[in-house]
Each structure stands twice: as structure tokens, then as C-alpha cells.
Amino acid sequence: QVQLEESGGRLVQAGGSLRLSCVASGLGFSNYAVAWFRHVPGKEREFVTATTWLSDSTRYADSMKGRFTISRDKTENTVLLQMNSLKPEDTAVYYCAASRSKLVKIIPTLSSDYGSWGQGTQVTVSS
């Protein structure tokens with residue numbers, strides 16, 4: 001099965017930068033979408049960005065475009081999320097997730113389309 005583990009979350013000042021990482025296992029030679037979602041207690045998980053494992057396509061939520069960058073390294077089985085110009089509203093638990101589909105053509109943005117999840121890493125942005 002697919003297993004994911006996020007790390008890198010911490011307290012950072014508004015305007016600062018942070019890099020999150022997701023180490024994935026079980027993706028193999030399949031074109032999973034590997035996504036970052038974020039969650040605030042009491043609210044639904046929100047799509048942030050995603051990349052496809054083999055074809056290296058990307059998709060971003062509009063609010064993150066220009067500030068966040070996703071990348072992946074197949075050799076090291078890692079997906080990175082570079083976050084710049086952080087805002088207090090970016091405060092959340094950030095989760096790495098892999099799609100249910102193994103042959104993604106269009107990257108999905110709904111959490112229900114993702115079947116494997118990491119444990120989450122806390123990002124707190126202070127003002």
C-alpha cells in the first residue's frame with residue numbers, strides 16, 4: 001500500500017518561507033497524483049497543490065499560485081512543498097495524500113479522490 005510521511009512544519013513569521021517534505025512509499029511506476037491538503041479544526045480539508053508522480057504535471061489552488069511550489073524527486077521518493085510569503089491564514093495542519101487512481105490524467109482537487117494520507121505536519125504563521 002501507499003504510505004506517506006510529512007515533515008518540516010514549524011512556527012514561522014508572516015512573510016517567511018518554509019519547506020515541507022513528504023516521503024512516499026508504494027507509488028511504484030504508477031501515475032498517482034500526490035497532493036498537499038491543509039486542515040483547520042472544524043473545517044474541511046482544503047486542496048493546496050498536487051503533482052503527478054510519473055508525468056510531473058502540477059496543479060495549484062488559486063490562492064497558493066505564485067507563493068507555493070510543489071516538486072517531486074522520483075529517485076528519493078519525496079514530494080516537496082516550498083511555501084513563500086506565508087500568511088497567518090496559511091496556518092493549518094498540512095497533509096500529503098496520494099490519489100486513489102493510479103493513472104491520473106487530470107489532477108483531482110477533492111479530498112475524496114485521495115485514498116492514502118500522511119499523519120500531517122503543523123504549520124503556524126505568526127503575524
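Definitions and cut-offs
- Residues numbered from 1 in each chain as written.
- Predicted model: local features only at pLDDT ≥ 70, side-chain atom pairs only at ≥ 80, totals over all residues.
- Heavy atoms only, no water.
- Buried < 20%, exposed > 50% of the residue type's maximum accessible area, 1.4 Å probe, protein only.
- Helix = DSSP H or I, 4+ residues; strand = E, 2+ residues; numbered from the N terminus.
- Pairing = 2+ DSSP bridges.
- Disulfide = S-S within 2.5 Å.
- Contact = heavy atoms within 4.5 Å.
- Axes fitted to C-alpha atoms, helices over the stretch in contact; angles between N-to-C directions.

(A) Inspection of the pairing of strand E4 (residues 33-39) at higher detail. Of all seven residues making up E4, six are buried, and the element is well covered by its neighbours. Of the pairings in the sheet, the one linking E4 to strand E5 (residues 46-52) comprises six bridges and is antiparallel in character. Within E5, the residue paired with Arg38 across the bridge is Glu46. Here E4 hands over to E5 after six residues, with Gly42 in that stretch at a positive phi of 90°.

(B) Up close: the state of the cysteines. Counting across every chain of the model gives one disulfide. Covalently, Cys22 is tied to Cys96 through a disulfide, its sulfur atoms 2.1 Å apart. Measuring handedness by torsion sign, the sulfur bridge of Cys22 and Cys96 sits at about -80° and is left-handed. Here Cys96 lies in strand E9 (residues 92-99) and Cys22 lies in strand E3 (residues 18-25), a separation of 74 residues in the sequence. Its relative accessible area of 0% is what places Cys22 among the buried residues.

(C) Structural detail: the environment of Gln13. Structurally, Gln13 is set in strand E2 (residues 11-13). Spatially, the C-alpha atom of Gln13 lies 31 Å from that of Lys74, the residues being 61 residues apart in sequence. Excluding anything up to four places from it in sequence, Gln13 contacts Val125 and Ser126.

(D) Main features of the sheet that holds strand E7 (residues 68-73). With antiparallel pairing, the four strands of this open sheet are ordered in space as E1-E3-E8-E7. The open sheet is flanked by strand E1 (3-7) and E7, the only strands paired with a single partner. Neighbouring strand axes in the sheet, compared pairwise and without regard to direction, differ in orientation by 15° on average. Note: E7 against strand E8 (residues 78-83), six bridges, orientation antiparallel. Its bridge partner being in E8, Ser71 is matched across the sheet by Leu80.

(E) Representation of the environment of Thr78 in the model. Here Thr78 shows up in strand E8. Here the alpha-carbon distance between Thr78 and Gln122, two residues 44 residues apart in the chain, equals 18 Å. With residues up to four places along the chain from it excluded, the contact list for Thr78 reads Cys22, Val23, Trp53, Ser71, Arg72 and Asp73.

By themselves, these are just geometric observations and shouldn't be taken as functional.
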